Amino acid sequence: MPATKSGAQVNDWGRHETEEERADRKWGELIQEIRVAQTGVQILFGFLLTVVFQQKYDSLAQIDKTIYIVTVVLGAATTGALIGPVSLHRLVSGRRVKPEAVEWASRMTFVGLALLLATMTSSLVLILRVATHNAVVPWIVAAVVVWYALCWYVIPLWTRRRHTTE
């Protein structure tokens, strides 16, 4: 990439930013994305933590208790992955590794979103099993998972492929 007089790199998209400026911009965008996901995860995880203390929990079938435990563990893992970038930033701040920190934080966020998909799926399975005891539950869950996959992965990847210039 050619450099301007200020040392900023001019990339194919016409941005005039140094590597540090680009890392700062990408970090700000990533943190905004994480804030959206974290709020939902924290609410869901908080709700999940209270279920075991409800009177009805003891009457659940063993399979439902197992699904609940898996869901709580997935929720905890999701929370860790989505809060990880904040800890990473705090621990490496001022060490001149922001581009690398942005890359690792982005990876953690992607893992967090995959774990969120698993958490949402298992939560839906548990809730619909308890609420309906209906054989149509797997079909409903599958439809919702397809919808999540479409919104979270297929459309973004299609957009990236279709509109990214080489």
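Here, every reference points to the structure presented above.
In this report, we go over the structure that sits alongside the text. Every value quoted in this text rests on a predicted model; they were computed, and no experiment measured them. (Residues numbered from 1 in each chain as written. Predicted model: local features only at pLDDT ≥ 70, side-chain atom pairs only at ≥ 80, totals over all residues. Heavy atoms only, no water.)

Observations concerning a negative patch on the surface
Logical step 1: A surface patch of negative charge is lined by Glu19, Glu20, Glu21 and Glu100.
Logical step 2: Top contributing element to the negative patch by residue count: helix 1 (residues 19-51), with three residues.
Logical step 3: With respect to the element layout, Glu100 can be found in helix 3 (residues 98-132). (Patch = residues over 30% accessible without salt bridge, like charges linked within 9 Å, V, L, I, M, F, W, Y side chains within 5 Å. Areas by Shrake-Rupley, 256 points an atom, 1.4 Å probe, with all protein chains shown as cover. Salt bridge = Lys/Arg side-chain N within 4 Å of Asp/Glu carboxyl O. Lys, Arg positive; Asp, Glu negative; His and termini not counted. Charge placed at Lys NZ, Arg CZ, Asp CG, Glu CD. Helix = DSSP H or I, 4+ residues; strand = E, 2+ residues; numbered from the N terminus.)

Some points on the packing of aromatic side chains
Logical step 1: Applying the stated criterion across every chain yields a total of three aromatic pairs.
Logical step 2: Judged by centre distance (5.4 Å) and plane angle (65°), the rings of Tyr57 and Tyr68 are edge-to-face. Remark: Tyr68 occurs in helix 2 (residues 62-92) and Tyr57 occurs in the loop between helix 1 and helix 2; sequence separation between them is eleven residues.
Logical step 3: Judged by its relative accessible area of 5%, Tyr68 is buried.
Logical step 4: Look at Tyr148 and Trp152: their rings are 4.9 Å apart centre to centre, the planes differ by 10°, and that puts the pair in the stacked class. (Phe/Tyr/Trp six-rings, centres within 6.5 Å; stacked < 30°, edge-to-face > 60°. Buried < 20%, exposed > 50% of the residue type's maximum accessible area, 1.4 Å probe, protein only.)

Some points on the nonpolar core
Logical step 1: Grouped together as the largest cluster of nonpolar side chains are ten residues: Leu44, Phe45, Leu48, Val51, Tyr57, Leu60, Ile67, Tyr68, Val72 and Leu126.
Logical step 2: Every element with two or more residues in this core is listed here: helix 1 and helix 2.
Logical step 3: Broken down by element, the residue count for this core peaks at four residues, all from helix 1.
Logical step 4: When neighbours within four sequence positions are excluded, Tyr68 is seen to be in contact with Leu48, Leu49, Val51, Val52, Tyr57 and Leu126.
Logical step 5: Counting nine residues, the second largest nonpolar core, distinct from the first, contains Trp27, Ile34, Leu88 and Val102. (Core = buried A, V, L, I, M, F, W, Y, C linked by side-chain atoms within 4.5 Å. Contact = heavy atoms within 4.5 Å.)

Regarding unusual backbone geometry
Logical step 1: In this structure, Arg96 takes a positive phi of about 60° despite not being glycine.
Logical step 2: On the basis of relative accessible area, Arg96 is assigned to the exposed category, the value being 81%.
Logical step 3: Positive phi outside glycine occurs at His133, with the angle close to 50°.
Logical step 4: Relative to the assigned elements, His133 resides in the loop between helix 3 and helix 4 (137-163).

Overview of a nonpolar patch on the surface
Logical step 1: Judged by side-chain polarity, Trp147, Leu150, Val154 and Ile155 come together as a nonpolar surface patch covering roughly 380 Å² of accessible area.
Logical step 2: Within the secondary structure layout, Leu150 lies in helix 4.
Logical step 3: In this structure Leu150 comes out as partly exposed when scored by relative accessible area, which is 33%.

So, the pattern of salt bridges
Logical step 1: Inspection of the entire model under this criterion finds five salt bridges.
Logical step 2: Across the pair Arg25 and Glu17 runs a salt bridge, and its minimum N-O distance is 2.9 Å.
Logical step 3: The exposure class assigned to Arg25 is partly exposed, which follows from its relative accessible area of 23%.
Logical step 4: Owing to a relative accessible area of 10%, Glu17 belongs among the buried residues under this scheme.
Logical step 5: One salt bridge connects Arg107 with Glu103, and the closest N-O pair in it is separated by 3.7 Å. With Arg107 and Glu103 both in helix 3 and four residues apart, this pair spans about one turn of that helix.
Logical step 6: Residue Arg107 is classed as partly exposed on the basis of its relative accessible area of 41%.

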